[in-house]
Amino acid sequence: MWIDLAITMVKIIFIVTITVGFFAPVLTWVERKQSAIMQDRIGANRADILGFTALGLFHILSDAIKMFTKEDFIPQGANRALHTMAPIIALTPAILTFAVIPFGGQYTLWGKDVNLVISDLDVGLLFVFAIASLATYGYVVAGWSSNNNWSLLGAMRTASQMISYEVTMGLTIIGVLMVYSSMQLTQIGAAQENFWRWGIFLQPLGFFMFFAASIAENKRIPFDAPEAESELVAGYFTEYSGLKFGMFFMAEFIEMVTIGAIVTILFFGAWHIPFLTTATLLSMFDFLGDSGANLVVMLIHIGVFFGKVTISIFVQMVIRWTLPRFRYDQIMKLGWKILLPLSLANVVVTGIVILALE
Amino acid sequence: MLESYTGAAILLVIATAISVGMVVATTILGPKREFPDKMEPFECGESQIVSPYQRFSVKFYLVAVLFILFDIEVVFLFPWAILYKKLGLFGLIEMLIFLLILGVGLMYVWIRGGLDWE
C-alpha cells in the first residue's frame, strides 16, 4: 500500500518536473532560437552569468525572474475574481492530462511491478479529451472578464474554434480505437511492439487529421486567429501581465508536449524501438540480472518515448514558423467542411477494411 | 476501480497548487503603482468608446449548438469503436445507418449556409 503510494509519488514528481520544470521553460528558448535559425537571425544570446551565455539558455532564467517581478495588472471594470482565476483554469488541466499518459511499459523491479503511468485508467483517452477541453473555460473566462473589446473578440474566436476542433479531434481517433479495440493508453502503446503495427501505418489519414486538429485545438499558428497579433493585439490575454500572462504561455507549451505524447502513443509506437521487442532488449542486458536488465530497459524506454515526443514538438515548431495564419472562415471551413467529412469517411473505410481482413 | 484514480487526484492537487502558487507569487512580488489613466482597458491608445459587453454575432451560438450535436455523436462512436471487432458486420451496418442520419443533418446545415462565415 505505502510502497505503491511512494511509487506513484515518484512518477508524479518525475512528470511534473519534466513538464513544468523542463519542457515548458526550455521550449520558450527553443521557440526563440529555432525561429531565429529559420529566419537567418542569431536569436536570444545576450543574457549571461559572469560573461558565460550558454547559447542564450540563461534567457529562460531572466524571463522567469522578469515575469515574477512585473506588476500584476487588472484593468478598471474587470471582474477581479474571474480575471485572477482564468490562468489557473487554463494551466491546471494542461498539467492534469499527464495523469493518464504512459511514458514507458510495465517492468518488474525487485519483485515489484512498476507501471510507468500515474493513473492507468481504462478510459484513458476519454480522460485526456475531457480534461483538455476544460481549458477552454480558462481562455473564455480570461477574455470575458477583462472588460476589453479585443479580449472578448479573442475569447469568442477561441470558444468556437476550440469546440469545433474538439468534434474533429474526437472523430479522427475513432479509427485508432477501432484498430486497437481499447481506450487505455497503456494497452494502445503495448499493442504497437511490432513496427508494422504502428498507428501511422494502420491509420495514416487519421494521423494527419489528428495532428492538424490538435494544433488547431492548441491555437498555434497557422490556427492562431484567437490571439492574432495583427488583428486583436493579443486576443484573450491582452489585459494580462506578469506571470499570469506567462501561465497562458506555459499552458500552451505544456499542451504541445501533451500533443506530442498522444501522437507518439497513438501513431508512433509509444516507447517501443522499431524492430526491437522488449524481450530482445531484456536478453541483451541479461548479464545485469533480472531486475538490473528491467531497470536498464525501463530507462531506455523512457528515453525513447521522450525522444519521440521531442521530435513531434520539433515538427510542431517547424509548422509554426513556416506557415502564415489562416483567415478565420478558412479555419472553420477546414474543421467543419473538410476534416469532419473526411474523418467520418475514415471511420467507415476503417470499419470495412477491418471486417474484410477478419 | 476507484484506486486507479488516486494518482490523478494527487496530480490534480499538485497542479492546482502550482497554478495558485504562481498567481499568488506574481501578485505579491510585483510592484503596485495605480493611477486612473493606466487602469483603463487597452484600446490602442484611445479611451474605451464602447463597452465589450454587447451582443455578438449569432454565428458563435450556432457553432455551439452544432458542437453539442456532433460531440454527442462522437461520444456514441467511442464505445462502438472499442467493441467493433466483436460486433462485426452487425455493428458496421448499425453504425452506417446512424452515420447516414447524421450525415444528412450535416448536409442540411451545410446547404443552408450554417457553416459559412463570409
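Per chain, residue numbering runs from 1 following the sequence as it is written. Think of it this way: whatever chain is written first is A, whatever ligand is written first is 1, and the rest follow in order. Local features are withheld for residues below a pLDDT of 70 in this predicted model, meaning they are given only at 70 or higher, and side-chain atom pairs are given and counted only at 80 or more; totals for whole chains, interfaces and linings count all residues.

**Student:** Would you mind going over the pairing of strand β2 (residues 112-115) of chain A with me for this structure?
**Tutor:** Taken residue by residue, a regular strand's side chains alternate between the two faces of the sheet. Criterion used throughout: strands pair if DSSP finds at least two bridges between them. Working definition: helices are DSSP H or I runs of at least four residues, strands are E runs of at least two. Numbering for both runs from the N terminus. Note: strand β1 (residues 106-109) of chain A against β2(A), four bridges, orientation antiparallel. Of the residues in β2(A), the one forming a bridge with Tyr107(A) is Val114(A).

**Student:** Teacher, can you tell me more about the nonpolar core here?
**Tutor:** As used throughout, a nonpolar core is a set of buried Ala, Val, Leu, Ile, Met, Phe, Trp, Tyr and Cys residues joined through C-beta atoms within 7 Å of each other. The burial criterion counts other C-beta atoms lying within 10 Å of a residue's C-beta, which is placed from the backbone; the residue is buried at 20 or more, exposed at 12 or fewer, and partly exposed between these limits. One finds Ala90(A), Ala155(A), Ala251(A) and Ile254(A) to be the most contacted residues of the largest nonpolar core, which totals 118 residues. At 16 residues, the largest contribution of residues to this core is made by helix α11 (residues 242-267) of chain A. Looking at which domains feed residues into this core, each of domain 1 (1-30) and domain 2 (55-118) of chain B supplies at least three. These domain boundaries are the output of an automatic or database domain assignment.

**Student:** Is there a simple way to explain the confidence of the model for chain A in this structure?
**Tutor:** Detailed reading of predicted coordinates is not advised where the pLDDT is low. Overall, the predicted model of chain A reaches an average pLDDT of 85, with 100% of residues at or above 70. Residue-level confidence of the predictor is summarised by pLDDT, bounded by 0 at the bottom and 100 at the top. Mean pLDDT values for the elements of chain A range from 75 in helix α10 (residues 229-232) of chain A up to 89 in helix α9 (residues 204-217) of chain A.

**Student:** What's the story with helix α4 (residues 124-145) of chain A in this structure? I'm lost.
**Tutor:** Count 3.6 residues to each turn of an α-helix, and residues three or four apart come out pointing the same way. Residue and element names in this part refer to chain A. In a regular helix each residue adds 1.5 Å, so 22 residues correspond to 32 Å; α4 covers 33 Å between its end C-alpha atoms and thus fits that length. Of all 22 residues in α4, 17 are buried; the element is thus mostly enclosed. In the segment just after α4, asparagine 147 is the residue with positive phi, at about 55°. To estimate how far a helix should reach, multiply one less than its number of residues by 1.5 Å.

**Student:** When you look at the interface of chain A and chain B in this model, what are you seeing that I'm missing?
**Tutor:** Often the size quoted for an interface is simply the accessible area lost on bringing the parts together. Residues are treated as contacting if the C-beta atoms built from their backbones sit within 7 Å of each other. Taken together, the 62 residues of chain A in the interface contact 54 residues of chain B. Mapped onto the side of chain A that touches chain B, the elements with two or more residues apiece are α1 (2-38), α2 (58-69), α3 (80-96), α5 (149-172), α6 (174-180), α11 and α14 (328-357) of chain A. With 11 residues, the top contributor of residues to the side of chain A that touches chain B is α5(A). Under the scheme applied here, ten amino acids are nonpolar (Ala, Val, Leu, Ile, Met, Phe, Trp, Tyr, Cys and Pro), four are charged (Asp, Glu, Lys and Arg), and all others, including Gly, are polar. For the side of chain A that touches chain B, a count of residues per class yields 34 nonpolar, 19 polar and nine charged.

**Student:** In this structure, what is going on with the packing of α5(A) against α9(A)? I would like to understand it.
**Tutor:** How two helices pack is summed up by the angle between their axes together with the distance between the axes. Residue and element names in this part refer to chain A. Following both chains from N to C, one finds α5 and α9 inclined at 160°, their axes separated by 9 Å at the closest point. Between α5 and α9, the interaxial angle falls into the category roughly antiparallel. The handedness of the crossing between α5 and α9 is left-handed. Within the contact between the two elements, α5 uses Gln161, Met162, Tyr165, Glu166, Thr168, Met169 and Thr172 and α9 uses Gly206, Met209, Phe210, Ala213, Ser214, Ala216 and Glu217. The class makeup of the residues in the contact of α5 with α9 is seven nonpolar, five polar and two charged. Note on method: axes are straight lines fitted to C-alpha atoms, helices fitted across the in-contact stretch only, with angles between N-to-C directions ranging 0 to 180 degrees. For this classification, under 35 degrees means roughly parallel, over 145 means roughly antiparallel, 65 to 115 means roughly perpendicular, and everything else is oblique. Each crossing is labelled by how the near helix is turned from the far one, with a counterclockwise turn of less than a right angle marking it left-handed and a clockwise turn marking it right-handed.

**Student:** How do you make sense of the confidence of the model for chain B when you look at a structure like this?
**Tutor:** All names here are of chain B. Looking at chain B, the pLDDT average stands at 83 and 97% of residues meet or exceed 70. Ranking the helices and strands of chain B by mean pLDDT puts helix α1 (residues 6-29) first, with 87, and helix α2 (residues 36-39) last, with 77. Overall fold confidence (pTM) sits at 0.88, and the ipTM for the predicted complex is 0.84.

**Student:** Could you clarify how one ought to interpret the packing of α11(A) against α1(B) in this entry?
**Tutor:** It is the contact of α11(A) with α1(B), at a shortest axis distance of 7 Å, that shows an interaxial angle of 150°. Taken together, α11(A) and α1(B) sit at an angle that is classed as roughly antiparallel. Contacts from Gly242(A), Leu243(A), Lys244(A) and Met247(A) of α11(A) reach α1(B) at Ser19(B), Met22(B), Val23(B), Ala25(B) and Thr26(B).

**Student:** Sorry if this is basic, but what is going on with the environment of Ala90(A) here?
**Tutor:** Residue placement: Ala90(A) occurs in helix α3. In contact with Ala90(A), other than residues within four places in its own chain, are Ala135(A), Gly138(A), Tyr139(A), Ala142(A), Met247(A), Phe248(A) and Ala251(A).

**Student:** Hey, could you run me through the environment of Phe127(A) in this one?
**Tutor:** All names here are of chain A. When you line up the elements, phenylalanine 127 lands in helix α4. According to the C-beta neighbour criterion, phenylalanine 127 is buried, with 21 such atoms within 10 Å. Between the alpha carbons of phenylalanine 127 and methionine 1 there is a distance of 25 Å; along the sequence they are 126 residues apart. Setting aside anything within four residues of it in sequence, one finds phenylalanine 127 in contact with Val100 and Leu121.

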